[in-house]
Structures are given as structure tokens and as C-alpha cells.
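For reference, the chains in residue letters:
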Amino acid sequence: ELGVQHIEHADNEDGEELSEELCRGMARKNITLTPTLSIYFVGPWAVERLPENLLRGWKRARKHGVRLLAGSDAYADPVTPFGPYNAGELKLMAEHLDMSPLEVIRAATADAARAMGLADRLGTLEPGKLADLLVVAGDPSRDIGVLTDKANVRLVIKEGRLLVEG
């Protein structure tokens, strides 16, 4: 009701979950959700399994049409460094939220760019956009795990310039 555009985590310590009503409202208002699954597998708060209340709520949001985004709380510190948690988030979304590899890729690219107000510059390969591109060995549309192994990286192109050739 106050104009929130994005919700991060959507968890709480009381074990509550996203309700049907809340999920319908989020979808109606085009509010995105970044569950951030990877944070539950690092540091002193690591769990062996994601809490069922969180999984139910995130899946309920998805069922109601809430766009899920890929995010990891990675900010280059010893607890959540860039790399394993960014790429790992994609695999966790596919495994735990029943998302297809293409849905996960879209959550990390086009949908994320749109949510940040940058869809005119990022998120898809189109003339006039920045041309950030990762080329990997394998087909991530069939196996999202291809994106989590550095050995699969063949090219990194940023703003149309080749940065890494593997």
C-alpha cells in the first residue's frame, strides 16, 4: 500500500509465510521478490534444508505470478563473496523453487534489469544495449548448473568488448 516495488528475502524469525492475499496483491501491483536462497547456506546461520514455510511462501508467490529475481547478498566479503553465491543462487532457484533453467536465466537478466529500471540498457541482447554476454560450454537452458562451473566459461563480453577468452 506504501509503494513498495521489491521485496528481498520475504522471511521472518516467527516462521510466517507469504499469504495467498499478499501474493495476489504483489502480483497485482507488479512487486518483485528476490528470495536470496544462497544466504541460508553460508555463515553461522547456515541450514541443511531451507525452512518449509519459506519455500511454501516463495512458491505461492510464483504461482500467483509474482516475478522472482535472482539475488545473493554477495557483496565481496568473506561471508558471501561474489562468485559461488551469485552463480549458486541460480542453481538453488531451479532446485528449490521448481523454476525451469530458462525461467531462472530470465530472473537473473531481463526481469532483474526491468526491476532496476535498466531494461532499456541491460537484460537482453538487442541493438543499442550494452552487450554484456557470457558464453559457456554446454546448454544452460537445459542444465542451469553449466553456469556454476568456471571451467565452462568460454567468453566474457562486457559492453561489447571481449574481456575473457577461456
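Residues numbered from 1 in each chain as written. Predicted model: local features only at pLDDT ≥ 70, side-chain atom pairs only at ≥ 80, totals over all residues. Heavy atoms only, no water.

## What to know about the pairing of strand β5 (residues 161–165)
Part 1 of the argument: For β5, the tally of buried residues reaches only 0 of 5 residues, placing the bulk of the element at the surface.
Part 2 of the argument: For strand β4 (residues 153–158) and β5, the ladder comprises 4 bridges, and the chain directions are antiparallel. Its bridge partner lying in β5, L155 is registered against E165.
Part 3 of the argument: Linking two consecutive strands that pair antiparallel, namely β4 and β5, is a turn of 2 residues; a positive phi of about 50° is found at E159 within it. (Buried < 20%, exposed > 50% of the residue type's maximum accessible area, 1.4 Å probe, protein only. Helix = DSSP H or I, 4+ residues; strand = E, 2+ residues; numbered from the N terminus. Pairing = 2+ DSSP bridges.)

## Description of a negative patch on the surface
Part 1 of the argument: A cluster of acidic residues, D11, E13, D14 and E16, forms a negative patch at the surface.
Part 2 of the argument: By the element assignment, D14 lies in the loop between β1 (6–8) and α1 (20–28).
Part 3 of the argument: Classification of D14 by relative accessible area gives exposed; the value is 66%. (Patch = residues over 30% accessible without salt bridge, like charges linked within 9 Å, V, L, I, M, F, W, Y side chains within 5 Å. Areas by Shrake-Rupley, 256 points an atom, 1.4 Å probe, with all protein chains shown as cover. Salt bridge = Lys/Arg side-chain N within 4 Å of Asp/Glu carboxyl O. Lys, Arg positive; Asp, Glu negative; His and termini not counted. Charge placed at Lys NZ, Arg CZ, Asp CG, Glu CD.)

## Considering helix α2 (residues 52–63)
Part 1 of the argument: With 12 residues, α2 should reach 16 Å at 1.5 Å per residue; the first-to-last C-alpha distance of 16 Å fits that figure.
Part 2 of the argument: By the burial criterion, the buried members of α2 are N53, L54, L55, G57, W58, R60 and A61.
Part 3 of the argument: At the C-terminal side of α2, G65 shows a positive phi close to 95°. (Expected span 1.5 Å × (residues − 1).)

## Quick notes on unusual backbone geometry
Part 1 of the argument: Backbone geometry at H9 places phi at a positive 70°, although glycine is not the residue there.
Part 2 of the argument: Summarising the element assignment, H9 is placed in the loop between β1 and α1.
Part 3 of the argument: One non-glycine residue with positive phi stands out, namely D98, at about 60°.
Part 4 of the argument: Along the chain, the position of D98 falls in the loop between α3 (84–97) and α4 (101–108).
Part 5 of the argument: For D98, a relative accessible area of 49% puts it in the partly exposed group.

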